[in-house]
There are 2 protein chains.
Amino acid sequence: MLSRLCLHTITTKPWPIETASDAYARAGVAGISVWRDALDGRSIPETGRRIREAGLTIVSYVRGGFFPATVATARARAIDENRRIIDEAAALGAPHVVLVCGATPGQSLDESRRQIRAGIEAVLPHARERGVKLAIEPLHPMYADTRSAIVTLSQANDLVEAVADDYLGVAVDVYHLWWDPALSVEIARCGDRILAFHVCDWRSPTRDLLNDRGLMGEGCIPIRAIRGQVEAAGFDGLIEVEIFSTEYWSMDQQVFLDRIVDAYTRHV
Amino acid sequence: MLSRLCLHTITTKPWPIETASDAYARAGVAGISVWRDALDGRSIPETGRRIREAGLTIVSYVRGGFFPATVATARARAIDENRRIIDEAAALGAPHVVLVCGATPGQSLDESRRQIRAGIEAVLPHARERGVKLAIEPLHPMYADTRSAIVTLSQANDLVEAVADDYLGVAVDVYHLWWDPALSVEIARCGDRILAFHVCDWRSPTRDLLNDRGLMGEGCIPIRAIRGQVEAAGFDGLIEVEIFSTEYWSMDQQVFLDRIVDAYTRHV
């Protein structure tokens, strides 16, 4: 039942990555997606080894991107930083980096989109050299101010097709995309370029723009229907639970992990 | 300078409508859009007369809609309620009602969209009889859970074209639509069906999903560019400032009104 379940380290943020990976493995979870901050102060290759020895598959390294900036030197710094992130993913043994592409309030979304494409094209040769793919994650339009000028799967597909590099794909997150009337058509258009599939739920009411994501089944997202579309498009990878929640981070993380496993079994 | 400026009563929510209309008129504001709750306990025709005597144009009556429901009797009640809202708009002397179309977490967005179309078609004959148009307002995707299954101008345009009734148009609100890469194309597609144009701004960070809208110029929305597109499509009506803000509602409303006039002059 859990052979395709993966958790993001941020989902159980209070736990150090060692505690998280041991607990995930004990619970029968198959994979882990590693957030960059979870590696702070650690040897990356050693942490990767430890995770694999615990029996977990490393699914995603999270996250690169944030390419747009009004100043050219800042854009160049972002490109350097993304090369470092790719190196870290390679050292960890992660097959791809998730890109939160970025946006900056001082310029138009169209200009940010051009800079995103330029940034991705600048780092792709390095990604190929390291054997690490890049997954564009379209974010919910409520993050278009500072986090991502790419807000629909249609835009991500357009960008992937324009760049035309087999090291570039997409990450489909139900939280960001569920509202889009074009979603099923765009998922079918993805074909084998879906590198990651993220689940959680949309609570009503949502009390915070960032940190009030729901556990699967607690909200209004038709998760199972979207999973069906993603799999019909050819995706057979692990399914990643990515929940940012002040409420859940404040509870006992082992109890929360048990609830995640239960919610995954019932609603994904 | 202010001959096209209109304020929504909810923008200065602490003020009773009599105080608001007098203050708007004194400030040189040309129009008022009336929220339903502002009429509580008042004679509607008399309030309309009072507003016109103060020298203000009544622009929009806000708001109808909320058609979807999982139970048929609830959908029938929503249709009755919308007929009453149309009657109120006619009694007030408002040329149109803004529709927040609705959504309900217990069913798919597609089903909600079908129910929205059915609801609109059910009330349109009554709207025509009363001489009151209906303006579909696509809402930001962050409101797709409970407020509106119509989340893009493209969907609103599709719906208006499918229904094909000259008493049905759209309301374009920069807050809900600014992120959409298809926005300029869809505004051009609107032609003369734009019945209302709403402005405010998107703050970074936005601290609340509902009540943290910014004053024009405080955020990242290219308001003037969107105004240009709306006018190029043929819109020459009043421009409505609709701000929900716990912060601004807590300040002196006369000082806030002066800031709105200043922000309108500089940024719209």
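Relevant structure appears above.
Notes on the structure follow. From a predicted model like this one, the values you see are computed outputs, not experimental measurements.

Screw-axis analysis of chain B against chain A gives a translation of 0.0 Å along the axis, an RMSD of 0.0 Å, and a rotation angle of 180 degrees. Both copies of the chain, as the preceding transformation shows, are related through a two-fold rotation axis. Looking at the interface residues of chain B, 100% of them are also at the interface in chain A, so both copies use one shared face.

Every α-helix carries 3.6 residues per turn, so stepping three or four residues along brings you back to the same face. Residue and element names in this part refer to chain A. End to end, helix α10 (residues 253–267) covers 20 Å across 15 residues, agreeing with the expected 21 Å (1.5 Å per residue, within 8%). Along α10, the positions that sit buried rather than exposed are Gln253, Phe256, Leu257, Ile260, Val261, Ala263 and Tyr264. Projected down its long axis, α10 carries its buried residues within an arc of 165 degrees, all on one side. Against the buried residues of α10 lie β1 (5–8), α1 (17–27), α8 (223–232), β8 (239–241) and α9 (246–249). Measuring from the side-chain oxygen of the N-cap residue of α10 to the backbone nitrogen of Gln254 gives 2.8 Å; that N-cap residue is Asp252.

Now for the environment of Ala94(A). All names here are of chain A. Here Ala94 lies in the loop between α3 (72–92) and β4 (96–100). Taking the C-alpha atoms as reference points, Ala94 and Lys133, 39 residues apart in sequence, are found 9.1 Å from one another. With sequence-adjacent residues up to four places away left out, Ala94 is seen in contact with Ile58, Ser60, Tyr61, Ala89 and Val132.

Another point: the interface of chain B and chain A. Contact with chain B, which involves 23 residues of that partner, is made by 23 residues of chain A. Here chain B and chain A share an interface that buries about 1,800 Å² over both sides, 74% of which is from carbon and sulfur atoms. The tally of links from chain B across to chain A stands at 0 salt bridges. Run the count over chain B and chain A and you get 6 residue pairs in polar contact (both at pLDDT 80 or more). Grouping the constituent residues of the side of chain B that touches chain A by class yields 12 nonpolar, 6 polar and 5 charged.

The next subject is the state of the cysteines. Should the sulfur atoms of two cysteines be covalently bonded, the bond is a disulfide. All names here are of chain A. Enumeration according to the criterion identifies 0 disulfides over all chains in this entry. A disulfide-free cysteine, Cys200 has its sulfur positioned 11 Å from the sulfur of Cys220, the nearest such atom. Cys220 sits in the buried class, given a relative accessible area of 13%.

Let's shift gears to the sheet that holds strand β6 (residues 168–173) of chain B. Residue and element names in this part refer to chain B. Reading around the barrel, the 8 strands line up as β1-β2-β3-β4-β5-β6-β7-β8 and close back on themselves, with parallel pairing between neighbours. Strand-to-strand, the axes of this sheet are offset by a mean angle of 30 degrees, without reference to chain direction. Summarising the sheet, strand β7 (residues 194–199) and strand β8 (residues 239–241) pair through 3 bridges and their orientation is parallel. By the bridge assignment, Phe197 is partnered in β8 with Ile239.

Next up on the list: the pattern of salt bridges. Scanning all chains against the criterion turns up 55 salt bridges over all chains. Put simply, Arg130(B) and Asp87(B) hold a salt bridge, and the shortest N to O gap is 2.7 Å. Of this pair, Arg130(B) sits in helix α4 (residues 109–130) while Asp87(B) sits in helix α3 (residues 72–92), and the two are 43 residues apart along the sequence. Judged by relative accessible area, which is 36%, Arg130(B) ranks as partly exposed. Of the charged contacts, one joins Arg227(B) and Glu231(B) as a salt bridge, the two residues approaching to 2.8 Å between their closest N and O atoms. Placement of the pair is Arg227(B) and Glu231(B) together in helix α8 (residues 223–232), with a separation of 4 residues, close to one helical turn. On the basis of relative accessible area, Arg227(B) is assigned to the buried category, the value being 18%. In the salt-bridge network here, residues are joined through shared partners; they are Arg203(A), Arg207(A), Asp212(A), Glu218(A), Glu247(A) and Arg259(A).

Here we come to unusual backbone geometry. Along the chain, Ser204(A) connects to Pro205(A) via a cis peptide bond; the corresponding omega equals -5 degrees. Inspection of the secondary structure puts Pro205(A) in the loop between β7 (194–199) and α8. For Phe66(A), which is not a glycine, the phi torsion comes out positive at approximately 50 degrees. Structurally, Phe66(A) is set in the loop between β3 (57–65) and α3. Of note in this structure, Ala164(B) is not a glycine but carries a positive phi near 50 degrees.

The next thing to look at is the sheet that holds β4(A). Residue and element names in this part refer to chain A. Taken together, the 8 strands give a closed barrel; going around it, the order is β1-β2-β3-β4-β5-β6-β7-β8, and neighbouring strands pair in parallel fashion. Strand-to-strand, the axes of this sheet are offset by a mean angle of 30 degrees, without reference to chain direction. Where β3 and β4 come together, 4 bridges link them in parallel fashion. Looking at the pairing, Gly65 lines up with Val100 of β4. In this fold α3 packs onto β2 (31–35), β3, β4 and β5 (133–136), with an angle of close to 170 degrees to the strand it touches most, β3. Sitting on the sheet, α8 touches β6 (168–173), β7 and β8, and the angle it makes with β7 is about 170 degrees.

Two descriptors summarise a pair of aromatic rings, namely the distance from one centre to the other and the angle between the planes of the rings. The tally for this structure, following the rule as stated, stands at 11 aromatic pairs over all chains. Relative to Phe235(B), the ring of Phe197(B) has its centre 6.3 Å away and its plane inclined at 65 degrees; by these criteria the two rings are edge-to-face. Of this pair, Phe197(B) sits in strand β7 while Phe235(B) sits in the loop between α8 and β8; the two residues are 38 residues apart in sequence, bridging distant segments of the chain. Residue classification places Phe197(B) among the buried positions, given a relative accessible area of 0%. Grouped by ring-pair contacts, the aromatic residues Tyr175(A), Trp178(A) and Trp202(A) constitute a single cluster. When the ring centre of Trp249(A) is taken as origin, the NZ or CZ atom of Lys13(A), which lies over that ring, is 3.9 Å away. In this structure, Arg213(B) is placed above the aromatic ring of Phe244(B), and the distance from its NZ or CZ to the ring centre is 4.1 Å.

Let us look at the environment of Trp15(A). Residues and elements named next belong to chain A. Counting through the fold element by element, Trp15 comes out in the loop between β1 and α1. Residue classification places Trp15 among the buried residues on the basis of a relative accessible area of 18%. As a C-alpha pair, Trp15 and Ala135 span 120 residues in sequence and 26 Å in three-dimensional space. The residues contacting Trp15, other than those within four sequence positions of it, are Ala20, Ala23, Tyr24, Gln253, Gln254 and Leu257.

Scoring rules and cut-offs
- Residues numbered from 1 in each chain as written.
- Chains lettered and ligands numbered in written order.
- Predicted model: local features only at pLDDT ≥ 70, side-chain atom pairs only at ≥ 80, totals over all residues.
- Heavy atoms only, no water.
- Least-squares fit on C-alpha atoms with pLDDT ≥ 70 in both.
- Contact = heavy atoms within 4.5 Å.
- Helix = DSSP H or I, 4+ residues; strand = E, 2+ residues; numbered from the N terminus.
- Expected span 1.5 Å × (residues − 1).
- Buried < 20%, exposed > 50% of the residue type's maximum accessible area, 1.4 Å probe, protein only.
- Arc of directions from axis to C-beta.
- Polar contact = N/O pair within 3.5 Å; in protein donor to acceptor, adjacent residues only side chain to side chain.
- Buried area = accessible area lost by both parts, 1.4 Å probe.
- Salt bridge = Lys/Arg side-chain N within 4 Å of Asp/Glu carboxyl O.
- Nonpolar A, V, L, I, M, F, W, Y, C, P; charged D, E, K, R; others polar.
- Disulfide = S-S within 2.5 Å.
- Pairing = 2+ DSSP bridges.
- Axes fitted to C-alpha atoms, helices over the stretch in contact; angles between N-to-C directions.
- Phe/Tyr/Trp six-rings, centres within 6.5 Å; stacked < 30°, edge-to-face > 60°.
- Lys NZ or Arg CZ within 6 Å of the ring centre and 35° of its normal.

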